[in-house]
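# Secondary and tertiary structure notes
Residue-level listing of the chains:
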Amino acid sequence: QQPVQSPQAVILREGEDAVINCSSSKALYSVHWYRQKHGEAPVFLMILLKGGEQKGHEKISASFNEKKQQSSLYLTASQLSYSGTYFCGTERVSSGTYKYIFGTGTRLKVLA
Amino acid sequence: NAGVTQTPKFRILKIGQSMTLQCTQDMNHNYMYWYRQDPGMGLKLIYYSVGAGITDKGEVPNGYNVSRSTTEDFPLRLELAAPSQTSVYFCASSREKLFFGSGTQLSVL
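These notes cover the structure that comes with them. Along each chain, residue indices are assigned from 1 in the same order as the chain's sequence is written. For naming, the first written chain is A and the first written ligand is 1, with later ones following in the order written. Reporting in this predicted model follows two pLDDT cut-offs: at least 70 for local features of residues, and 80 or more for side-chain atom pairs to be given and counted; totals over whole chains, interfaces and linings ignore these cut-offs and use all residues. Derived side-chain values reflect all non-hydrogen atoms in the structure, with water molecules and hydrogen atoms excluded from consideration.

Here we come to the overall build of chain A. Strands are runs of DSSP state E lasting at least two residues, helices are runs of H or I lasting at least four, and both sets are numbered from the N terminus onward. A tally of regular secondary structure across chain A gives 0 helices and 11 strands. Listed by position from the N terminus, the elements making up chain A come as β-β-β-β-β-β-β-β-β-β-β. Relative to the compact-globule value of 13 Å for 112 residues, chain A shows a C-alpha radius of gyration of 14 Å, a close match. With respect to the three principal axes, the spread of C-alpha positions in chain A is 50 × 30 × 20 Å. What the globule rule says is 2.2 Å times the number of residues to the power 0.38, and the radius of gyration is computed from C-alpha atoms.

Here it is as structure tokens:
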């Protein structure tokens, strides 16, 4: 079962902030965040490996709450280049191997 | 390094035809994946492989087959193409993070 993201879509003005949430019904051992521009492949943003760990990338950061099985992505002072669809991703153990699945996605549009 | 290379970039199939989507990586990654992405939707895992000779089903495997004879190559086979398989297909390999190919846009008419 894939992680659920909220909101499904968000529209911002340049300079505004946004938070994207990723919630799982199963245990999360690590969380990855990716951004996908229209017509392109997803691009890796960051990985969170430990519960509570926060990572940063430019003005984009994330947190990971292992107990709540949730991760949040924080976009501050948004820029036009932040537009795209954001996916969280995680590994699921299956038959002793790891399969990698993605969340439902959040479409972000930044307006000038 | 070329990374992950997918071919073809675009393809139109008729209902009932078959085809193979090619995927090659030059990073010596053990894990490789195939995803499909329907318009405006998320990425669904079709099949994955943890190394040469080992493959397993993902979330949406029906209508597809894979093989992994070498570490580098992970082709995806569509048998008896159906309109429901119209999608963008991404191949990826991973070590700590996923590296994606540029995608194959497939239409089944």
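Time to look at the interface of chain B and chain A. Throughout, a contact is declared for two residues whenever any of their heavy atoms are within 4.5 Å. Opposite the 20 residues of chain B that make contact, chain A presents 19 residues. A simple way to read buried area is as the amount of 1.4 Å-probe accessible surface that goes missing from two parts once joined, with both sides added. Summed over both sides, the interface of chain B with chain A buries roughly 1,600 Å², with 58% coming from carbon and sulfur. Among the residues of chain B in contact with chain A, Leu43, Leu98 and Phe100 of chain B are the three that bury the most area, contributing 26% of the side total. Basic side-chain nitrogens of Lys or Arg form a salt bridge, by our definition, when they fall within 4 Å of a carboxyl oxygen of Asp or Glu. Our count for the contact surface shared by chain B and chain A stands at 0 salt bridges.

To continue, consider the pairing of strand β9 (residues 84-94) of chain A. The side chains of a regular strand alternate, first on one face of the sheet and then on the other. All names here are of chain A. Accessible area is worked out with a 1.4 Å probe on protein chains only. A residue is then buried under 20% of its type maximum, exposed over 50%, and partly exposed in between. Among the 11 residues that make up β9, 9 are buried, leaving the element largely enclosed by the rest of the structure. The pairing of strand β4 (residues 31-36) with β9 spans 5 bridges and is antiparallel. Residue pairing in the sheet places Trp33 in a bridge with Cys88 of β9. Strand pairing follows a simple DSSP-based rule, namely that at least 2 bridges must link the two strands. Of the pairings in the sheet, the one linking β9 to strand β11 (residues 106-111) comprises 3 bridges and is antiparallel in character.

Attention shifts here to the packing of aromatic side chains. Pairing of aromatic rings covers Phe, Tyr and Trp, the last counted by its six-membered ring, and requires centre-to-centre distances within 6.5 Å; plane angles under 30 degrees mean stacked, over 60 mean edge-to-face, and any other angle means tilted. Per the counting criterion, the structure on display carries 15 aromatic pairs over all chains. Each ring, one from Tyr34 of chain A and one from Phe44 of chain A, has its centre 5.6 Å from the other, and the planes form 70°; the classification is edge-to-face. With a gap of 10 residues between them, Tyr34 of chain A in strand β4 and Phe44 of chain A in strand β5 (residues 43-48) connect regions that are remote in the sequence. Residue Phe44 of chain A is classed as partly exposed on the basis of its relative accessible area, which comes to 21%. Summarising the aromatic geometry, the rings of Tyr34 of chain A and Phe100 of chain B are spaced 6.0 Å apart at their centres and angled 90° between planes, so their arrangement reads as edge-to-face. With one member in each of two chains, Tyr34 of chain A in strand β4 and Phe100 of chain B in strand β10 (residues 97-100) form a pair that bridges those chains. Look at Tyr34 of chain A and you get buried, because its relative accessible area is 0%.

With that out of the way, let us pick up the state of the cysteines. For this text, the term disulfide refers to a pair of cysteine sulfurs within 2.5 Å. The final tally for this structure, using the stated rule, is 2 disulfides over all chains. One disulfide in the model links Cys22 of chain A with Cys88 of chain A; its S-S distance is 2.1 Å. Here the disulfide of Cys22 of chain A and Cys88 of chain A is right-handed, its torsion about the S-S bond being about 70°. On the criterion of sequence distance, the pair formed by Cys22 of chain A in strand β3 (residues 18-23) and Cys88 of chain A in strand β9 is long-range, its members being 66 residues apart. The disulfide partner of Cys23 of chain B is Cys91 of chain B, and the S-S distance across this bridge is 1.8 Å. On the sign convention where negative is left-handed, the bridge of Cys23 of chain B and Cys91 of chain B, at about -70° about the S-S bond, is left-handed.

Another aspect to go through is the pairing of β10 of chain B. Residues and elements named next belong to chain B. Burial along β10 is one-sided: Leu98 and Phe100 are buried, while Lys97 and Phe99, pointing the other way, are not. Pairing between strand β9 (residues 87-95) and β10: 4 bridges, direction antiparallel. Opposite Ala92, over in β10, you have Phe100 as the bridge partner.

We now examine the pattern of salt bridges. All names here are of chain B. Per the counting criterion, the structure on display carries 2 salt bridges over all chains. The partner of Asp38 in a salt bridge is Arg36, and the shortest N-O contact between them spans 2.7 Å. The exposure class of Asp38 is partly exposed, given its relative accessible area of 28%. A salt bridge links Arg77 to Glu79; its shortest N-O distance comes to 3.1 Å. Residue Glu79 is classed as partly exposed on the basis of its relative accessible area, which comes to 35%.

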